[in-house]
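# Geometric and topological summary
One-letter residues, chain by chain:
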Amino acid sequence: MERKGFFGNWGGAYIPEVLHQTFEELNDEFLRCKNDPAFWQEYVELMSTYSCRPTPLTYAENLSRHFGGARIYIKREDLNHTGAHKANNVMGQGLLVRRMGKKRVIAETGAGQHGLATATMAAKFGFACTIYMGEEDVRRQRPNVFWMEKMGATVVPVTNGSRTLKDAINEAFRDWVTNVDDTHYVFGTVCGPHPFPEMVGWFQSIIGLEAAEQILKYHGRMPVRIFACVGGGSNAMGIFKRFIPEAGVELVGVEAGGHGLATGLHATRLSGSDASPGVAQGYKTMFLQDGDGQMKETHSVAAGLDYVGVSPILSDLWEKGRVRFESATDGEVMAALDLTMKKEGIIPALESAHAFVQAFKEAPQLTPADAIIINMSGRGDKDIFTIAHAFDDPSWKDFIIKRGLEYSRNK
Ligand SMILES: *Cc1c(COP(=O)(O)O)cnc(C)c1O
C-alpha cells in the first residue's frame, strides 16, 4: 500500500483494482482544480448565487450575557441551501463532475440529508442521480425521500444486512464499480479513500476562511476556541482548517455521547475509549468495532453523528493533540437546543447542538475579551419529528394522530 493520501498514520486508499484508474483520474482533476485559482473563484461565485455564502457570523448577545463569560459567536451554516454545510461539498463536487464530463452521480445516505443535497445538486447540473439508502432509513426518513424523488432522483432502498447506512455504502460502491465510466460517487464527508477526505475538506474550508475574516472584523482578533460537532468530521474540518496554524486558537470537536459512555449506546470515537484503529470502507481510522473488526451498533439522537468511523484527518489531529475531543449526551443536547431557541430565536440541528453543549460548559470560565465560535452546521427544522418527540409535546402528538386518521379515512 502506498503512503499517498495518509495523514500521519491514518487514511490511505484501500480500494479494489477496478477502481484504481477512476481514483487516479479523480485525483488528477482535483489537483488541477486545487491549483487553479479560477476554479475556486467559480466555486465561491456558485455558492454566493445558489446558496447563501458568505454565511453570517452571528454575535449571540443574549447567550453571552446569560453565561457571563466569553463572547459567543455562531457561524451560520444553517443558512445554506438545503439547510446545512453539506451544500458546500456537493456543489463543489458537482463542478468537478461537470469538468470530468460525467453525466451521472450516485450517493449513499443515512438520515437523508446528504442524499437530499446530492439530488439538489444533480437537478441543478442536469445529472442523472441514484441515491442508496437502507430500507430501514427509507422508512424513518420519509420527508427527505419525498424531496429527493421530487427532484428527480431514484432512491434505491437497500435490503441487505442491517438495512442502514453501512449497507447503503456497500451498495453504492457496487454500483460505482459497474458504472465507473459515466458515474461519479459523491462522497458525503471527510472520510473514505483518498482523495475524498482531502477533497471534501478543501470544499468545506470555505467556512473557516470566511469565519476568520468575520471574527477579525467584529472582534478585532482571533477567537480563543472553536467548537464543532463531529460525525464524519466535514463541518468540523471546514471551520478548523484555516485556524490550525493559529497556535492561540483551541479547536474542540464534540461527538455524540448518546445515552452516556457507560451504556455503550453512543458514537464517541476520539473522545471515548471504545474505538480502535482499523481499516474499513476504504480507509484507516479509529473505528467503533469489536475484537474481530465487526462494526458496533452506535446511537445518537442526531442521525448525522451516528457513524462508526471518523475522518482520518481528525484522527491525525487528535493523535498530535491539535484538536481536543469531547462528547455531549442526548439529554444535554435537548437542554442546549431549548436554551438557544429561547435566548436567540435560533434552531440548531440536533447534530449542531452537540457543539453548543460544550461551548456552554466552557463559556463561563472565559472573559468578554475572549471570543468563541460555535459552528452551527445546520438548522433544526428538519428534526421536528425527533425534537417534538423528545420534548414529548402533547399537541404535536395529537396533530400526528389526527393527520394519520384523516389520511386513512380518505384512502
Ligand atoms: C450530516 C450532518 C452532520 C455530520 O456530518 P459531518 O461530516 O461530521 O459534518 C452535522 N451536522 C449536520 C446539520 C448534518 O446534516
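Structural notes, computed from the coordinates.

The full count for this structure, using the stated rule, is 0 disulfides. Unpaired in this structure, Cys229 has its nearest cysteine sulfur neighbour in Cys191, at a distance of 13 Å. With a relative accessible area of 1%, Cys229 lands in the buried category.

Our focus in this paragraph is unusual backbone geometry. Note the cis peptide between Arg53 and Pro54, where omega equals -5°. The residue Pro54 is located in the loop between helix 2 (37–49) and strand 3 (57–59) in this model. Here His194 and Pro195 are connected by a cis peptide whose omega angle stands at 10°. In this structure, Pro195 sits in the loop between strand 8 (183–185) and helix 9 (196–204). One non-glycine residue with positive phi stands out, namely Gln281, at about 50°. Checked against the element boundaries, Gln281 lands in the loop between strand 11 (276–280) and strand 12 (283–287). Its identity is not glycine, yet Asp392 carries a phi of approximately 55°, on the positive side.

All right, on to the pattern of salt bridges then. Here the structure, examined in full by the defined rule, presents 30 salt bridges. The salt bridge involving Glu42 is made with Arg98; its shortest N-O contact spans 3.2 Å. Highlighted residues: Glu42 in helix 2 and Arg98 in helix 4 (residues 86–100), separated in sequence by 56 residues. Note on Glu42: relative accessible area 33%, which makes it partly exposed. Judged by its relative accessible area of 46%, Arg98 is partly exposed. For Glu362, the salt bridge is made with Arg324, and the minimal N-O distance between the two is 2.9 Å. Within this pair, whereas Glu362 is found in helix 14 (residues 350–362), its partner Arg324 is found in strand 13 (residues 323–329), the two being separated by 38 residues in sequence. For Glu362, a relative accessible area of 5% puts it in the buried group. Residue Arg324 is classed as partly exposed on the basis of its relative accessible area, which comes to 24%. Among the charged side chains, a network of salt bridges with common partners joins Arg225, Glu250, Arg324, Glu326 and Glu362.

Parameters at a glance
Residues numbered from 1 in each chain as written. Predicted model: local features only at pLDDT ≥ 70, side-chain atom pairs only at ≥ 80, totals over all residues. Heavy atoms only, no water. Disulfide = S-S within 2.5 Å. Buried < 20%, exposed > 50% of the residue type's maximum accessible area, 1.4 Å probe, protein only. Helix = DSSP H or I, 4+ residues; strand = E, 2+ residues; numbered from the N terminus. Salt bridge = Lys/Arg side-chain N within 4 Å of Asp/Glu carboxyl O.

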